Each structure stands twice: as C-alpha cells, then as structure tokens.
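If you want the building blocks of each chain, they are given just below.
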Amino acid sequence: MKNAIKKWNSISLVKRIICGLIIGIVLGLTVPQASGISILGDLFVGALRGVAPVLVFFLVMSALCHMGQGQKTNMKTIVILYMGGNLISALCAVIASYIFPITLTFSENTNTSDVTPPSGVTEVLTNLLMNLVDNPVNAIINANYIGILAWAIIFGVALKAANDGTKKALENISDAVSTAVQWVISCAPFGIMGLIFTTISEQGLEVLLGYGRLILVLVGTMAVVALVINPIIVFFFIRKNPYKLVFTCLKESFITAFFTRSSAANIPVNMELSRKLGLDEDTYSISIPLGATVNMAGAAITISTMALAAANTLDIKVSFATALIMCVLAAASAAGASGVAGGSLLLIPLACSLFGIPNDIAMQVVGVGFIIGVIQDSCETGLNSSTDVLYTAIADFRDRRIHPERYADKPFDPEIKIL
C-alpha cells in the first residue's frame, strides 16, 4: 500500500487531475444514474472549504508574529494590481460587448424569487465592513475571509511581543495545517472526477446551446484577459517571457478552481503553488486570501457583459462614457462580491440600474446567469483564483529584480522553474 501511494504521488498532479477529468466525463455520459460518484466531489470541496479558514488564520498570524521590524512585503503593489485588474477586465468586457452586441432570451421558468440583490454599492461596502469586525470564531466557522484576515493580522501583530516558545508553537500549528492541506490537494483527481460527473450527469450541455453567443463573449473576454492582458502586465513588471509564469498559474490553479467553482476552496491550492514558486511567505499568506475576496476580474467581466446585454435587449443606447462609469462600478462591486450571497450574479442589478433597467428585468438577467453558470461561474472562478497567484508572483519577482539586496538571505530557488 505504501509503495502504491508513493508511486501515485510521484505522478504529476496535473496528469492525475486530467485522468480524473476524463474518467468523470466518461462515467457522466455512460452511467449518469450512479449518483454515488458525486460524493467524491462533495467531499473534496468540503475538505478544502473546511481547512482553508484555519489555514489562513494560523498562517497569517504566524507570519506576522515572526516578521522582523521594518521587514518589507509587496502588499501595496499587489493591492494596486488587484484593483487595476478588476477595472481593466471590466473595460475589456465593455469593448467586447460593443464589438459583439448580445441580446438575451429570458427564461420564464427560472426561479429568482428567493434571491435578493443588494440595493446599492453602499450596501455592498457595508456588508464588507461588517464582515471586517465579525466575531473571530464566527468568521472562521462561516469562512468569512475578510474577518479572518482582520483578526489574524491583529493577533499576529499583538503576538510579536510573545516569547519564542509561543511563536514556535504557532509555527508548528501552521506547518501542521499546511501538511494537512497538501494531503487534501493530493486527492484532487478523485474530487474533480466527482465534480465533473455531477455536472455532466445532472446539467448536460444541451441547456447551454441557446446561450452560445453569450457564453462565447463571456469566456472569450476572460480568455483575452488571461492570455493577452495578464501577460502584458507580467512583462511590464518582470521584463521576461511572461507566458511561462502565466501558464504555470493557469495549469496549477485554474484547473482546480474551474471545477470547485470556489475561490475560497482554492486558497489552499494557491498557497501551495506560491510555496512551490518560492514566493515570500510573509506576503502570499496575506495576499492569497485577500485576493480570494477582492480580486474579481472574472466577476467584473460577468457584471459588465450581462448588464450591457440587458441594455441591448431593451434597445437602450449606452454611451461609452456611461459604460466607463459602469466599469468603475463593476470593479468596485466585484471587489465586494464575496460579501454578498450569490456572488457576482446578484450584483448585475447594480450595473443595470445605471441604465434605468427595472429590477424585475434585471432579475431575469440574473436568471439567465444561473442557467449558464455551469460554464460562466467555472471560468470566472478559474480566472479570479489563478490571477491571485499571478499578481502575487509578479510583485515578488519585480521586487527581487529591483532590490536584489533584500533577498541575499533568501536565494530564489523555486520548485517550478518559470524564469
């Protein structure tokens, strides 16, 4: 048994995931009634979601309490990248919508009566701020990452004055949780097999055919951001071939995020990838969970595209200046998407309100979003999550390029060679 496990772990995780993906598709098409297979996906996502809040809390707290006086991180650059990425993605969606205008066919059978969109950006930001001061135990239980980050930072700074024994204990706990996360991630092939089986057996692909043009514009815009815009940003920062780093992040992070459809569940995966890339733990232990909350390029694309599609359907002429205002709104709203139940889809009415679209029509647009969610949400989450690592990496590599003296005692020797 030990030899079998050792041989299994010696195979590349990506290759194992691809095998699980193929098996899941085959089983979904041939034995869709075998619903028991779905539990593998539920267990995998449940395990990731369960361990992620504990990992973030102890990792951030341990990193901060060990941080020396005046020690530098790259958080300022990363936050600017997160916000700028949201805005650029929304702008790309607007341009794509002007080039390929879309009209929607609303489904009367889609039930949106049990969902309530926020009344405005103020409500989104209020929810975000209230999550910030949530009870720390409650924040961990409910996976409120804004609250987890806030309290981990407070406790981490407070523990800087603690004795070495206490700091060592925190470090040991953090290492133990990280090891547990690696064990969970090694089960990804089975989890993804269960997730893709559920999608194929329950959803099918025929439900998506009627919305093919909308899906193509959404996914196409996300692809442009991932394969054109992001490489340009990477090259600007590191001055080297950007595609090695871009494809590494897509291969290691996008795939699992695509199938789990949860940025929070992908936090452990991104943490492990950051470690493999040799990034500064003091930085990525904060930037990765923060990115899962505010770095929402895919959400900005969804909000902008769906709102403009609704305007086209109702023959509402939207000036480019108004569209630019919507970009800012979409970028700001997307950053607070995790503070609203339902994520990016329920923020569509905010953007629609700029064009005077009634709420009942806007909720029908949300209904269309639910129908195409099996592809839209998967691609959106994949882009969001993989970009968390990408932006963290380029901020780190940029600082290494400009200030090599800061890393004299931290030689760059990542497990994954990307530069």
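Computed from a predicted structure; not experimentally measured.

> Can you break down the overall build of the protein residue by residue, with the values?
Each helix and strand counted, the protein has 18 helices and 0 strands in total. Put simply, the protein has 419 residues, and 52% of those count as buried. Pairs at least 24 residues apart make up 84% of the contacts formed inside the protein by residues separated by at least 6 positions.

> Break down the nonpolar core for me, with residues and values.
Membership of the largest hydrophobic core comes to 110 residues, with the highest contact counts inside it found for Leu214, Leu245, Ile267, Met271, Phe355 and Ile394. Counting residues per element, this core draws most heavily on helix 3 (residues 38-66), which supplies 13 residues. Among all residues touching isoleucine 267, those that are not within four sequence positions of it are Ala52, Val56, Tyr145, Ile288, Pro289 and Ala292.

> So what about the pattern of salt bridges? Which residues, and what values?
If you walk through the whole model with that rule in mind, you get 3 salt bridges. Lysine 317 is the partner of aspartate 315 in a salt bridge, and the nearest nitrogen-oxygen pair spans 3.6 Å.

> For the environment of proline 289, give the residues involved together with the corresponding values.
The topology assignment puts proline 289 in helix 13 (residues 281-294). A C-alpha to C-alpha distance of 7.6 Å links proline 289 and alanine 264, two positions 25 residues apart in sequence. What proline 289 contacts, discounting residues up to four positions off in sequence, is Val56, Tyr145, Leu149, Ile267, Met271 and Tyr284.

> Describe helix 10 (residues 212-238), naming the residues involved and giving the relevant values.
Under the 1.5 Å per step criterion, the end-to-end length of helix 10 is 37 Å for 27 residues, consistent within 8% with the ideal 39 Å. Of all the bends in helix 10, the greatest, near 35°, is centred on valine 225. Within two residues after helix 10, arginine 239 carries a phi angle of roughly 60°, on the positive side.

> Which residues make up empty space enclosed by the protein, and what are the values?
Throughout the structure, instances matching the rule amount to 3 cavities of 30 Å³ or more. As for the largest cavity, its lining consists of Ala226, Asn230, Val246, Cys249, Leu250, Leu383, Ser386, Thr387 and Leu390. Elements that contribute at least two residues to the lining of the largest cavity include exactly helix 10, helix 11 (243-260) and helix 18 (373-402). Of the residues that constitute the lining of the largest cavity, the class distribution is 6 nonpolar, 3 polar and no charged.

> Summarise the packing of helix 4 (residues 75-99) against helix 18; cite the residues concerned and give the values.
For the pair helix 4 and helix 18, interaxial distance at closest approach is 9 Å and the crossing angle is 140°. Overall, the two elements helix 4 and helix 18 adopt an arrangement that is oblique. Considering the relative orientation of helix 4 and helix 18, their crossing is right-handed. Between helix 4, through Thr77, Ile78, Leu81, Tyr82 and Gly85, and helix 18, the contact on the second element is made entirely by Asp388, Tyr391, Thr392, Ile394, Ala395 and Arg398. A class-by-class count of the residues in the contact of helix 4 with helix 18 yields 6 nonpolar, 3 polar and 2 charged.

> Help me get a handle on the packing of aromatic side chains, residues and values and all.
This model, assessed by the stated rule, comprises 8 aromatic pairs. Here the aromatic rings of phenylalanine 57 and phenylalanine 58 are separated by 5.5 Å at their centres, their planes lie at 85°, and the arrangement is edge-to-face. What makes phenylalanine 58 partly exposed here is its relative accessible area of 21%. Between phenylalanine 258 and phenylalanine 259, the aromatic rings sit 5.0 Å apart at their centres with planes inclined by 80°, giving edge-to-face as the arrangement. Look at phenylalanine 259 and you get buried, because its relative accessible area is 13%. Following the ring pairs from residue to residue traces out a cluster consisting of Phe57, Phe58, Trp151 and Phe155. When the ring centre of phenylalanine 236 is taken as reference, the NZ or CZ atom of arginine 239 above it lies at 5.3 Å.

> Before we move on, could you go through the confidence of the model for the protein and cite the residues and values that matter?
For the protein, the mean per-residue pLDDT works out to 80, and 83% of the residues sit at or above 70. No element of the protein has a lower mean pLDDT than helix 5 (residues 121-132), at 69, and none a higher one than helix 10, at 92.

> Please set out the side chain of aspartate 134 residue by residue, giving values where relevant.
As for its placement among the helices and strands, aspartate 134 is situated in the loop between helix 5 and helix 6 (136-141). Given a relative accessible area of 18%, aspartate 134 falls into the buried group. Within the local environment of aspartate 134, its side chain forms a polar contact with the side chain of asparagine 138, the two groups lying 3.0 Å apart. Filtering out sequence-adjacent residues up to four positions away, aspartate 134 remains in contact with Ala139, Asn144 and Trp151.

> Tell me about unusual backbone geometry, and name the residues and values.
The phi torsion of most residues other than glycine is negative, and most of the peptide bonds are trans. With a phi angle near 60°, arginine 239 is a residue other than glycine that sits in the positive phi range. Note on placement: arginine 239 falls in the loop between helix 10 and helix 11. Take arginine 239: its relative accessible area is 46%, and that puts it in the partly exposed class. A positive phi is found at aspartate 315, a non-glycine position, where the angle reads about 60°. Residue position: aspartate 315 is located in the loop between helix 14 (297-313) and helix 15 (320-335).

Calculation rules
- Numbers given for residues are sequential positions, taken from 1 along each chain in its written order.
- It should be noted that, the model being predicted, local features are given only for residues of pLDDT at least 70 and side-chain atom pairs only at 80 or more, the latter also being counted only at that level, while totals for whole chains, interfaces and linings use all residues.
- Only heavy atoms go into the side-chain values, all of them from the structure, while hydrogens and water stay out.
- The helix and strand labels rest on DSSP assignments: H or I over at least four residues marks a helix, E over at least two residues marks a strand, and numbering proceeds from the N terminus.
- Here's how the labels work: a residue is buried when its accessible area is under 20% of the maximum for its type, exposed when over 50%, partly exposed in between, all with a 1.4 Å probe on protein chains only.
- Contacts between residues were defined by any pair of non-hydrogen atoms, one from each residue, lying within 4.5 Å.
- Nine residue types can take part in a nonpolar core, namely buried Ala, Val, Leu, Ile, Met, Phe, Trp, Tyr and Cys, and a core is a set of them joined through side-chain atoms within 4.5 Å.
- Throughout this description, the term salt bridge denotes a Lys or Arg side-chain nitrogen within 4 Å of a carboxyl oxygen of Asp or Glu.
- How far a helix is expected to stretch is found by multiplying one less than its residue total by 1.5 Å.
- At any given residue, the bend is defined as the angle formed between two axes, one fitted to the seven residues that end at that position and one fitted to the seven that begin there.
- Cavities and pockets are found on a 1 Å grid laid over the protein atoms alone: a cavity is a set of points where a 1.4 Å probe fits but cannot escape, a pocket is an open set with protein on both sides within 12 Å along at least five of seven lines, and a lining residue has an atom within 4 Å of such a point.
- Grid points are joined across faces, edges and corners, and a volume is the space filled by probe spheres set on the points.
- For this scheme, ten residues count as nonpolar: Ala, Val, Leu, Ile, Met, Phe, Trp, Tyr, Cys and Pro. Four count as charged, namely Asp, Glu, Lys and Arg, and the remainder, Gly too, count as polar.
- Between the N-to-C directions of two axes lies an angle of 0 to 180 degrees, each axis being a line fitted to C-alpha atoms and, for a helix, fitted only over the stretch in contact.
- Small angles under 35 degrees read as roughly parallel and large ones over 145 as roughly antiparallel, with 65 to 115 read as roughly perpendicular and the rest as oblique.
- Less than a right angle of anticlockwise turn of the near helix away from the far helix marks a crossing as left-handed, whereas a clockwise turn marks it as right-handed.
- Within 6.5 Å between ring centres, the rings of Phe, Tyr and Trp (the latter by its six-membered ring) count as paired, and their orientation is classed by plane angle as stacked under 30 degrees, edge-to-face over 60, tilted in between.
- Only lysine NZ and arginine CZ atoms are considered, and such an atom sits over a ring when it is within 6 Å of the ring centre and within 35 degrees of the ring normal.
- A residue's pLDDT is the predictor's confidence in that residue, given on a scale from 0 to 100.
- Any pair of N or O atoms that falls within 3.5 Å is considered a polar contact. Within protein, one atom must be able to donate a hydrogen and the other to accept it, and sequence-neighbouring residues count only if both atoms are side-chain atoms.

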